[in-house]
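Residues per chain are reported as follows:
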Amino acid sequence: MNFKLNQKKFFIASIILIALVTAGIYFQSCRTKILRIGLFAGSNWEVPQGEPYAIIDEVVRNFEAQHPGVKVEYVSGIKKEDYAEWLAEQFMNGVEPDIFVLLSDDFNLYASKGALADLSDFIDGDENFSADVYYPATFEYGQFENKSYALPCESNLTFMFVNKTLLSREGISMPKNDWTWEDFLDICRKVTRDTDGDGIIDQFGRYDYSWQQAAISNGVIFFRADGKASYFADPRMKDTVKFMIELRNIHKGREVTAKDFDMGRVAFRPFTFAEYRTYKPYPWRIKKYTSFEWDCIKMPAGSSGENISILNTLLIAMSSRTNDKDLAWELMKNICYDKATQQMILQKSQALPVRRDVIMSSEAREIFSWSDTENNTMTPADISDAMDKSIMPEKFKNYEAAMLYADAEILKIINGTIPTDNSLNKLQKELNAFLQY
């Protein structure tokens, strides 16, 4: 009888204990705040990256340690090519992350649709935040109609790849970082020739250099800030087209290919910093461009411009519907502003940190030691100067469509399909009419 009574008491006690534990877990889960991050696996810059989540995992560990009762989650394994669609579906279903990586091509759309939280009050009211630590173009990258909707996380710039072996073989010195269009043309003319005597040009001056890159380095502004007018009839744009025609004529109609470049037959090609950093040092150096020595310098300057290029930046934005904007802001800062995180980007990513003090730090000099030598030209000071002078892509609703049309028409001029006389004036009128709608 006592045995049965004790068994019954034990059973009741077990039920109560299970109920208490379940209730504790439930109430604990209710107290735990969940923040979600949207991101994709791998690099944004089309280069190999060995540890795709190393930086964000470290940020999450530190943030959760600093904020007891907060858990940060993200979905792993999303490919970059699938990310835009994934994020759009999350928004459509009303379950978007609190903060998320935002590709530059999508920023205008999300900002104009009210999907992003306006960060102005946080930026102005946070004593532990100063936009002055950023390079100007990186911070402005997250602005739309003079309001900040995203913070910069990491950036990438375009430089000019130089085949040092080819130039040396032709008795030509390595250009300096302050070189000009005239220097560019002169070298291209000297190296473009038939090297094997079969009557066909097989060595070239440049590959994959665009009129947009030339125009930027000649001080051209393509559109008015509000996107309602274009400036393609600007004399600086006319000089750019003339320059590109001269460059094209040097090759005498021969189309240069990526294979020509890979085989060391081309002197110059635009290269992103991420590619430069990936393929310059060991071990990736031995897997690519092993048949010649190479380095990178700034882009050549036009007569009305500077040695500059467009800056591309990966952004972190906040959903306008997040339930805890204060916590989301703190997490954004941990990724985009915290100096330790920016130093991790310097160490583990192939991109550029967006904080000036990190690029100019002693750690950066050590990491870029393969470049900061007498025989190489791109030092941290050069990189910082290029970041300072860089410009960001123009942003307005119809930018992509307008540039697509402009590109097609300007290529016709450069290729000789349509006459140069008055073509840019005509293009400007057509674009201005399009931009008014």
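Below is a short write-up of the structure. Source: prediction; values computed, not measured. (Residues numbered from 1 in each chain as written. Predicted model: local features only at pLDDT ≥ 70, side-chain atom pairs only at ≥ 80, totals over all residues. Heavy atoms only, no water.)

## Thoughts on the overall build of the protein chain
This is how it is decided: Strands here mean DSSP runs of E at least two residues long; helices mean DSSP runs of H or I at least four residues long; both are numbered from the N terminus. Here, two residues are considered to be in contact whenever any of their heavy atoms come within 4.5 Å of each other. The method behind every accessible area is Shrake-Rupley, applied with a 1.4 Å probe, and residues are considered shielded solely by the protein chains displayed.
Within the protein chain one finds 19 helices and eleven strands. The long-range share in the protein chain, meaning contacts at least 24 apart out of those at least 6 apart in sequence, stands at 75%. For the protein chain, the accessible area works out to roughly 21,700 Å², and carbon and sulfur atoms hold 51% of it.

## Focus: the side chain of Thr138
Secondary-structure assignment places Thr138 in helix H6 (residues 136–140). The contact partners of Thr138, leaving out residues within four places of it in the chain, are Pro152, Ser155, Leu311, Thr313, Val354 and Met387.

## Things to note about the pairing of strand E6 (residues 150–163)
Side-chain direction in a regular strand flips from residue to residue, so the side chains alternate between the two faces of the sheet. Our working rule: Each residue is placed in one exposure class: buried if its accessible area under a 1.4 Å probe, protein chains only, is under 20% of its type's maximum, exposed if it is over 50%, and partly exposed if it falls in between. For two strands to be treated as a pair, DSSP must find no fewer than two bridges joining them.
E6 sits mainly inside the fold: 14 of its 14 residues count as buried. As defined by bridge partners, E6 adjoins strand E11 (residues 352–353) across two bridges and the pair is classed as antiparallel. Looking at E11, one finds that Ser155 is bridged to Leu352. Two strands pair when backbone bridges link them, and E6 and strand E8 (residues 266–272) are joined in this way by five bridges, in the antiparallel orientation. Opposite Thr158, over in E8, you have Thr272 as the bridge partner.

## A closer look at the packing of aromatic side chains
Applicable threshold: In this scheme Phe, Tyr and Trp rings, the latter by its six-membered ring, pair at centre separations within 6.5 Å, and the angle between planes marks the pair as stacked below 30 degrees, edge-to-face above 60, and tilted otherwise.
Tallied over the full model, the rule gives 35 aromatic pairs. Where Phe223 meets Phe232, the ring centres are 5.6 Å apart and the plane angle is 75 degrees; that geometry is what we call edge-to-face. Taking 6.4 Å as the distance between ring centres and 50 degrees as the angle between the ring planes, the aromatic pair formed by Phe261 and Phe271 counts as tilted. Here the residue Phe261 occupies a position in helix H11 (residues 258–262), and Phe271 occupies one in strand E8, the gap between them amounting to ten residues. Taken together, the aromatic side chains of Phe159, Phe161, Tyr207, Phe261, Phe271, Phe273, Tyr276, Phe292 and Trp294 make up a single cluster linked through ring pairs.

## Observations regarding the environment of Ile335
Positionally, Ile335 belongs in helix H13 (residues 325–336). C-alpha of Ile335 to C-alpha of Ile55: the two residues are 280 residues apart in sequence and 8.7 Å apart in space. Apart from the residues lying within four places of it in its own chain, the contact partners of Ile335 are Ile37, Ile56, Val59, Ile99, Cys153, Ile316, Thr341 and Gln342.

## What about the pattern of salt bridges?
Applicable threshold: Salt bridge, as used here: a side-chain nitrogen of Lys or Arg that lies within 4 Å of a carboxyl oxygen of Asp or Glu.
According to the stated counting rule, one finds 22 salt bridges in the structure shown. With its nearest N and O atoms 2.7 Å apart, the salt bridge here joins Glu96 to Arg321. In this pair, Glu96 is assigned in the loop between helix H3 (80–92) and strand E3 (99–102) and Arg321 in the loop between strand E10 (311–318) and H13, connecting sequence segments 225 residues apart. For Arg321, a relative accessible area of 49% corresponds to the partly exposed category. Across the salt bridge formed by Arg189 and Glu246, the nearest N and O atoms sit 3.3 Å from each other.

## Describing the packing of helix H10 (residues 235–250) against helix H18 (residues 399–414)
As a reminder of what qualifies: The axes used here are C-alpha line fits, helices contributing only the stretch in contact, and every angle between their N-to-C directions lies in the interval 0 to 180 degrees. Here is the rule for angles: anything less than 35 degrees is roughly parallel, anything more than 145 is roughly antiparallel, 65 through 115 is roughly perpendicular, and the remaining ranges are oblique. Note on convention: near helix rotated counterclockwise from far helix by under a right angle means a left-handed crossing. Clockwise means right-handed. Classification used: nonpolar for Ala, Val, Leu, Ile, Met, Phe, Trp, Tyr, Cys and Pro, charged for Asp, Glu, Lys and Arg, polar for all others including Gly.
Across the interface, H10 lies against H18 with an axial gap of 9 Å and an inter-helix angle of 55 degrees. Between H10 and H18, the angle is such that the two are oblique. When the axes of H10 and H18 are compared, the crossing they make is right-handed. Along its contact with H10, which presents Met237, Val241, Met244, Ile245 and Arg248, the element H18 presents Ile410, Ile413 and Ile414. For the contact of H10 with H18, the class distribution of residues is seven nonpolar, no polar and one charged.

## Things to note about the environment of Ile187
Structurally, Ile187 can be placed in helix H8 (residues 181–191). With a relative accessible area of 7%, Ile187 lands in the buried category. As a C-alpha pair, Ile187 and Ala267 span 80 residues in sequence and 8.5 Å in three-dimensional space. Excluding residues that lie within four positions of it along the chain, Ile187 makes contacts with Leu167, Ile172, Pro175 and Phe268.

## A look at helix H19 (residues 423–435)
Our working definition: How far a helix is expected to stretch is found by multiplying one less than its residue total by 1.5 Å. The directions from the helix axis to the C-beta atoms are what the arc is built from.
For H19, built from 13 residues, the straight-helix expectation of 18 Å at 1.5 Å per residue is met to within 8% by its first-to-last C-alpha distance of 18 Å. All of the buried residues in H19 are Ser423, Leu424, Leu427, Gln428, Leu431 and Leu435. Looking straight down H19, one finds that the buried residues subtend no more than 135 degrees of arc, so they occupy a single side. Tucked into the core, H19 has its buried residues touching H10 and H18.

## Focus: a negative patch on the surface
As a reminder, the rule being used: Only residues whose relative accessible area exceeds 30% and that form no salt bridge enter a patch; like-charged residues are grouped when within 9 Å of one another, and nonpolar side chains (Val, Leu, Ile, Met, Phe, Trp, Tyr) when within 5 Å. Under this rule, positive means Lys or Arg and negative means Asp or Glu; His and the chain ends count for nothing. We put the charge of a Lys on NZ, of an Arg on CZ, of an Asp on CG and of a Glu on CD.
Where like charges cluster on the molecular surface, the negative patch consists of Glu81, Asp82, Glu85 and Glu89. Under the relative-accessibility criterion, Glu89 is labelled partly exposed at 38%.

## Side note on the pairing of strand E2 (residues 70–74)
To keep it simple, the criterion reads: The definition of a right-handed crossover adopted here requires that, viewed with the strands pointing away, the path from the first strand over the helix to the second runs clockwise.
Looking at chain direction, strand E1 (residues 33–38) and E2 are connected through five bridges and run parallel. Opposite Leu35, over in E2, you have Val72 as the bridge partner. Crossover handedness for the path E1 to helix H2 (residues 54–66) to E2: right-handed.

## A few points about the state of the cysteines
In plain terms, the rule: By convention in this document, the label disulfide applies to cysteine sulfur atom pairs within 2.5 Å.
If you walk through the whole model with that rule in mind, you get zero disulfides. Take Cys336: it sits in no disulfide, and the sulfur closest to it among the cysteines is that of Cys153, at 4.9 Å. Cys336 sits in the buried class, given a relative accessible area of 0%.

All we've got here are geometric facts, nothing functional implied.
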